[in-house]
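Residues per chain, in single letters:
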Amino acid sequence: MSRTTPQFEIRDLNVFYGRTQRVFHVSVDIERYGITAFLGSSGSGKSSLLRVLNHTYDLFSDVRIEGNVLLDGEDLSLYGRNSTEIMLLRQRVGMVCQCPNPFPRSIYENVAYGLRLRYGYRKRQLDERVEQTLQRVGLWHDVKERLTQHALHLAAGQQQLLCLARALALEPDVLLLDEPCSLLDPAATYQIETLLQTLGQEMTIILTTSNPHQARRMADTTGVLFDGQLVEYVPTFRLFLESQDLKPPRHECAGVPVAHPPFPCSPDGEQGSWWG
Ligand SMILES: Nc1ncnc2c1ncn2[C@@H]1O[C@H](COP(=O)(O)OP(=O)(O)OP(=O)(O)O)[C@@H](O)[C@H]1O
């Protein structure tokens, strides 16, 4: 595989829940390394799109997808449900959810569990890797004296860092993050965003957000989802330059003009909502 092959090639992707279509004809290449954000209001299809990238949509019984998703040139639609390929895929393409969801076990075990399963490490190797991984997410200093404590006793931001550590321990090529900061306070958000910017230099990060400021701060490329349709997919700086001009919508989807929402506040302001 060439280094210039996109990490993901998504071709005419449609997602249906039962008979209702929620994602429409999304075609996009996601480049290797850096941060790509999918920005949209609640219900615009961000999670539905993200879940296709590591087959977690399989976990929902009423979902059907059409189209092709290629990871490093390999077509994921050829993978069968619950197959070994899918297990390996989810190690390669790790995921962190909106709501911090550590295992109801100790802090140590949250990171060690996957390492033990994947690499069969013994105690000393496990200790080393757990420490390294917790160092990597900046949590080691806070938790080194209480590794055996229940993970749910950590603050929400620390729980989210632990979930990141759990995913990173398996050395994924890609990290998917579904609104990773939406339930966190500004300090924890800052910590996670800073970490993701560092990680984006060595792996592909794909995140969803409903916060245009977060996309602007974080992402190299931003896709805007609107009612399940991808109405923009551009380098982030272009999206925000153009949005400031409050240009009228210039997109069509299936012949219908799409109301691309303007950016309502000053480019440096944190007030207002894209969608409000
Ligand atoms: N498992 C499901 N079964 C049925 N409908 C679903 C399911 N998951 C999502 N949907 C619907 O699909 C649409 C898109 O949902 P999705 O969660 O992808 O949007 P989102 O942009 O991630 O929203 P949010 O930011 O609120 O999570 C919504 O109308 C939602 O109700």
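These figures come from a predicted structure and were not determined experimentally. (Residues numbered from 1 in each chain as written. Predicted model: local features only at pLDDT ≥ 70, side-chain atom pairs only at ≥ 80, totals over all residues.)

> Any chance you could explain the overall build of the chain here in plain terms?
Secondary structure summary: the chain contains nine helices and twelve strands in total. Across the 276 residues of the chain, 35% fall into the buried class. Here the contacts in the chain between residues at least 6 apart in sequence split such that 67% fall between residues at least 24 apart. (Helix = DSSP H or I, 4+ residues; strand = E, 2+ residues; numbered from the N terminus. Buried ≥ 20, exposed ≤ 12 C-beta atoms within 10 Å, placed from the backbone. Contact = placed C-beta atoms within 7 Å.)

> How should the sheet that holds strand β1 (residues 8-17) be read in this particular structure?
Strand pairing in a sheet takes place through backbone hydrogen bonds and is either antiparallel or parallel in direction. Reading across from one edge, β2-β1-β4-β5 is the order of the four strands in this open sheet, with antiparallel pairing throughout. Strands with a single pairing partner mark the edges of an open sheet, and in this sheet they are β2 (20-30) and β5 (74-75). Relative to β2, β1 runs antiparallel, the two sharing seven bridges. For Phe16, the partnering residue across the bridge sits in β2 and is Gln21. (Pairing = 2+ DSSP bridges.)

> I keep staring at the packing of helix α3 (residues 107-119) against helix α4 (residues 123-136) and nothing clicks. Help me out?
Pairs of packed helices are described in terms of their axes, by the angle between the two and the distance that separates them. In the contact formed by α3 and α4, the axes pass within 9 Å of each other and the chain directions differ by 120 degrees. Relative to α4, the element α3 is oriented oblique. α3 and α4 meet at a crossing whose hand is right-handed. Seen from α3, the contacting residues are Tyr108, Val111, Ala112, Leu115 and Arg116; seen from α4, they are Leu126, Arg129, Val130, Thr133 and Leu134. For the contact of α3 with α4, a count of residues per class yields seven nonpolar, one polar and two charged. (Axes fitted to C-alpha atoms, helices over the stretch in contact; angles between N-to-C directions. Parallel < 35°, antiparallel > 145°, perpendicular 65-115°, else oblique. Left-handed = near helix turned anticlockwise from the far one by under 90°. Nonpolar A, V, L, I, M, F, W, Y, C, P; charged D, E, K, R; others polar.)

> What should I look at first to understand the site of the ligand in this one?
As a matter of local geometry, the ligand sits amid 13 residues, with Tyr17, Ser42, Lys46, Ser47 and Ser48 nearest to it. In terms of residue count, helix α1 (residues 46-52) provides more of the shell around the ligand than any other element does, three residues in total. Looking at the shell around the ligand, its residues break down into two nonpolar, eight polar and three charged. (Near = placed C-beta within 6 Å.)

> Which parts of the structure should I look at to understand the pairing of strand β3 (residues 34-39)?
Within a regular strand, the side chains alternate between the two sheet faces. The element β3 is largely enclosed, with a buried count of five among its six residues. Of the strand pairs in this sheet, β3 and strand β8 (residues 204-209) are connected by six bridges, and their pairing is parallel. In the sheet register, Thr36 faces β8, and the bridge partner there is Ile206.

> Which parts of the structure should I look at to understand unusual backbone geometry?
Across the chain, the bulk of peptide bonds are trans and the bulk of non-glycine residues have phi less than zero. The backbone phi angle of His25 is positive, close to 50 degrees, even though this residue is not glycine. Relative to the elements of secondary structure, His25 occurs in strand β2. Classification of His25 as partly exposed rests on a count of 16 C-beta atoms within 10 Å. Although it is not a glycine, Glu179 adopts a positive phi angle of roughly 45 degrees. Within the secondary structure layout, Glu179 lies in the loop between β7 (174-178) and α7 (186-199).

> Any chance you could explain the packing of α3 against helix α6 (residues 156-168) here in plain terms?
One can describe the packing of α3 onto α6 by two numbers: an axis separation of 8 Å at closest approach and a directional angle of 20 degrees. With respect to each other, α3 and α6 are oriented roughly parallel. As α3 packs across α6, the resulting crossing turns out to be right-handed. Along the contact surface, α3 presents Ile107, Asn110, Val111 and Gly114, while α6 presents Leu162, Ala165 and Arg166. Each residue belonging to the contact of α3 with α6 can be placed in one class, and the counts come to four nonpolar, two polar and one charged.

> Explain the sheet that holds β7 to me, please; I cannot follow it from the model alone.
Taken in spatial order, the six strands line up as β6-β7-β8-β3-β9-β10 in an open sheet, and their pairing is mixed. Of all strands in the sheet, those with a lone pairing partner are β6 (93-96) and β10 (229-235), marking the two edges. In this sheet, adjacent strand axes meet at a mean angle of 15 degrees when their direction is disregarded.

> Any chance you could explain α3 here in plain terms?
Compared with the 18 Å implied by 1.5 Å per residue over 13 residues, the 19 Å span of α3 between its first and last C-alpha is a close match. Along its length, α3 reaches its greatest deviation from straightness, about 25 degrees, at Tyr113. Of the residues making up α3, those classed as buried are Ile107, Asn110, Val111, Ala112 and Leu115. Residues of α3 that are buried sit in contact with α4, α5 (140-143) and α6. Just past α3, the residue Gly120 takes up positive phi, approximately 65 degrees. (Expected span 1.5 Å × (residues − 1). Bend = angle between axes of the 7 residues up to and from the residue.)

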